[in-house]
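Coordinate analysis (summary)
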Amino acid sequence: MTNDNPNERELAKAFVINRMFYLFLALCVLATVAALPSVAERIAYSSARGQERAKREEAMQFLKDFPAASYDKLIPYVAKIAAPSVVGIKTNTIQAGYYGDSIVAQGQGSGVIVSSDGMIITNFHVICENNRLVDGVEIILSDGRAISDGVRLIGFDENLDVAVLQIQATQLTPIEWGDSDQLEVGDHVLALGNPYGLAKTVTEGIISAKERFVFNEVGVATQEFLQTDAAVNPGNSGGALVDDHGRLVGINTAIYGQQYQGISFALPVNRVREVYQRILSQDAY
């Protein structure tokens with residue numbers, strides 16, 4: 001004979017409901033705790049972007065209000081305008097070890113965001129090691145975000161040392177295109193990049209010469225450079241050379257000799273932009 005007391009049934013039902021409620025509450029707490037690092041990370045990135053954006057807008061207003069300010073006064077503002085568009089690039093290349101194992105060789109460089117949909121221009125040699133493409137690329141944005149998933153190689157021109165990547169990210173700040181043909185010897189420029197992995201490095205110089213050509217083995221000019229005395233070191237490759245308004249006028253590419261000696265070379269942005277547009281026209285992204 002079973003006990004079918006209505007009060008006991010109600011108590012049992014209430015017990016089950018309470019147990020399910022507390023179990024649900026515990027799951028909610030665990031999910032919240034698990035999500036906290038991600039939420040805190042997003043808040044930090046958002047805060048960094050907000051600060052950068054405010055500084056950039058302030059700098060742009062300063063250049064508008066004081067167009068005749070001396071260049072030494074302009075430098076901090078020009079850097080604030082261009083800096084959010086410059087990224088760091090870390091690469092991994094899997095190589096064979098001495099004992100048949102695999103080792104990962106790491107490289108570094110810089111890049112420049114040129115469109116709000118994530119197009120980045122860099123040097124081809126940044127993403128190519130030992131005559132082959134690298135196995136992995138990580139893009140470090142100025143707000144601290146590190147993006148390695150979904151980095152896409154849109155195209156490249158090996159001879160001109162230009163490559164175009166695309167990332168999937170929001171709230172990007174593309175740089176403004178300049179006009180390298182309008183540059184004069186003696187014009188002030190800033191070089192921005194990540195030498196030796198030191199993010200957000202800015203160096204200052206002038207255009208030392210234009211139309212420095214590289215010739216191939218049969219004497220045909222294959223590459224044109226701007227020569228500057230802005231300090232460029234390993235890791236600067238692919239970074240931005242900007243004019244006194246923060247506009248992109250070149251892609252920092254090489255130095256004279258094995259270390260900086262006061263002679264740096266950048267690809268003129270007008271030539272780079274031609275390659276960029278040609279690559280986009282060939283890719284149905």
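Owing to the predicted nature of the structure, the values given are computational and were not obtained by experimental measurement.

1. Concerning the overall build of the protein chain
Counting secondary structure elements, the protein chain contains three helices and 15 strands. Residue burial in the protein chain is summarised as follows: out of 285 residues, 41% are buried. Within the protein chain, contacts between residues at least 6 apart in sequence are counted, and of these 62% link residues at least 24 apart. If you sum the accessible surface of the protein chain, you get close to 16200 Å²; carbon and sulfur atoms cover 54% of it.

2. Considerations on the sheet that holds strand 7 (residues 146–147)
Spatial ordering of the open sheet is given by 7-6-1-2-3-9-8, a layout of seven strands whose pairing is antiparallel. In this open sheet, the two strands that pair with only one neighbour each are strand 7 and strand 8 (152–157). Summarising the sheet, strand 3 (residues 119–122) and strand 9 (residues 162–166) pair through four bridges and their orientation is antiparallel. Each residue of the ladder has a partner; that of Thr-122, found in strand 9, is Ala-163. Packed onto the sheet, helix 3 (residues 269–282) meets strand 3, strand 8 and strand 9 and runs at close to 125 degrees relative to strand 8.

3. Some remarks on the pairing of strand 2 (residues 102–113)
Here strand 1 (residues 86–96) pairs with strand 2 via 11 bridges, running antiparallel. Paired with Lys-90 across the strands is Gln-108, a residue of strand 2. Between strand 1 and strand 2, which pair antiparallel in sequence order, lie five residues; one of them, Gly-100, sits at a positive phi of approximately 80 degrees. As paired strands, strand 2 and strand 3 are joined by two bridges and run antiparallel to one another. Each bridged residue has a counterpart across the sheet, and for Val-112 the counterpart in strand 3 is Ile-121. Two successive antiparallel strands, strand 2 and strand 3, enclose a turn made up of five residues, where Gly-118 displays a positive phi of approximately 90 degrees.

4. Here's the deal with helix 2 (residues 71–82)
Helix length check: helix 2, at 12 residues, gives a terminal C-alpha distance of 16 Å against a target of 16 Å (1.5 Å per residue), a fit within 8%. Among the residues of helix 2, those classed as buried are Tyr-71, Leu-74, Tyr-77, Val-78, Ala-79, Ile-81 and Ala-82.

5. With respect to the pattern of salt bridges
Summed over all chains, the structure comprises eight salt bridges. In this structure, Arg-145 engages Asp-143 in a salt bridge whose closest nitrogen and oxygen atoms are separated by 2.9 Å. Judged by its relative accessible area of 13%, Arg-145 falls in the buried class. Among the charged side chains, a network of salt bridges with common partners joins Asp-181, Glu-224, Arg-271 and Glu-274.

6. Here's the deal with the layout of surface pockets
Of the pockets and cavities examined, the largest pocket occupies roughly 340 Å³. Taken together, 22 residues make up the lining of the largest pocket; nearest its centre are Glu-52, Ala-83, Pro-84, Ser-142 and Lys-200. Of all the secondary structure elements, the ones that give two or more residues to the lining of the largest pocket are helix 1 (6–65), helix 2, strand 1 and strand 10 (188–193). For the lining of the largest pocket, the element with the highest residue contribution is helix 1, accounting for five residues. For the lining of the largest pocket, the residue count by class is 11 nonpolar, five polar and six charged.

7. A look at the packing of aromatic side chains
With the rule as written, the count across this model stands at five aromatic pairs. For the ring pair Phe-124 and Phe-156, a centre distance of 4.8 Å and an interplane angle of 35 degrees mean the geometry is tilted. Taken together, the residues Phe-124 in the loop between strand 3 and strand 4 (128–129) and Phe-156 in strand 8 connect sequence positions 32 residues apart. On the numbers, 5.5 Å between centres and 50 degrees between planes, the contact of Phe-225 with Phe-265 is tilted. One end of the pair, Phe-225, is in strand 12 (residues 221–228); the other, Phe-265, is in strand 15 (residues 264–268), with 40 residues separating them in the sequence. An aromatic cluster of three or more residues is present, and its members are Phe-62, Phe-66 and Tyr-77. Over the ring of Tyr-77 we find Lys-80, and its NZ or CZ is 5.3 Å from the ring centre.

Basis of the calculations
- As a convention, each chain's residues are numbered from 1 in the sequence order in which they are written.
- Given that this is a predicted model, residues contribute local features only at a pLDDT of at least 70 and side-chain atom pairs are listed and counted only at 80 or more, while totals for whole chains, interfaces and linings are drawn from all residues.
- The basis for the side-chain values is all heavy atoms of the structure; hydrogens and waters are excluded.
- Here a helix means four or more residues in a row that DSSP labels H or I, a strand means two or more in a row labelled E, and each is numbered from the N terminus.
- Using a 1.4 Å probe on the protein chains alone, a residue whose accessible area is under 20% of its type maximum counts as buried, one over 50% counts as exposed, and one in between counts as partly exposed.
- Residue contacts are defined here by distance: any two heavy atoms, one from each residue, within 4.5 Å place the two residues in contact.
- Reported accessibility uses the Shrake-Rupley method at a 1.4 Å probe radius. Residues are deemed covered only where the shown protein chains occlude them.
- Two strands are said to pair when DSSP picks up at least two bridges between them.
- Each axis is a line fitted through C-alpha atoms, taken for helices only over the stretch in contact, and angles between the N-to-C directions span 0 to 180 degrees.
- Every helix has an expected span of 1.5 Å times one less than the residues it contains.
- For this document, the term salt bridge refers to a Lys or Arg side-chain nitrogen within 4 Å of an Asp or Glu carboxyl oxygen.
- Put simply, the grid is 1 Å and covers the protein atoms alone, a cavity is a trapped set of points that fit a 1.4 Å probe, a pocket is an open set with protein on both sides within 12 Å along at least five of seven lines, and lining residues have an atom within 4 Å of a point.
- Grid points are joined across faces, edges and corners, and a volume is the space filled by probe spheres set on the points.
- Side-chain classes follow a simple rule in which Ala, Val, Leu, Ile, Met, Phe, Trp, Tyr, Cys and Pro form the nonpolar group, Asp, Glu, Lys and Arg form the charged group, and the remainder, Gly included, forms the polar group.
- By convention, a stacked pair of Phe, Tyr or Trp rings (six-membered ring in the case of Trp) has centres within 6.5 Å and planes under 30 degrees apart, an edge-to-face pair has planes over 60 apart, and any other such pair is tilted.
- By the criterion adopted, a ring carries a charge over it if an Arg CZ or a Lys NZ lies within 6 Å of its centre and within 35 degrees of its normal.

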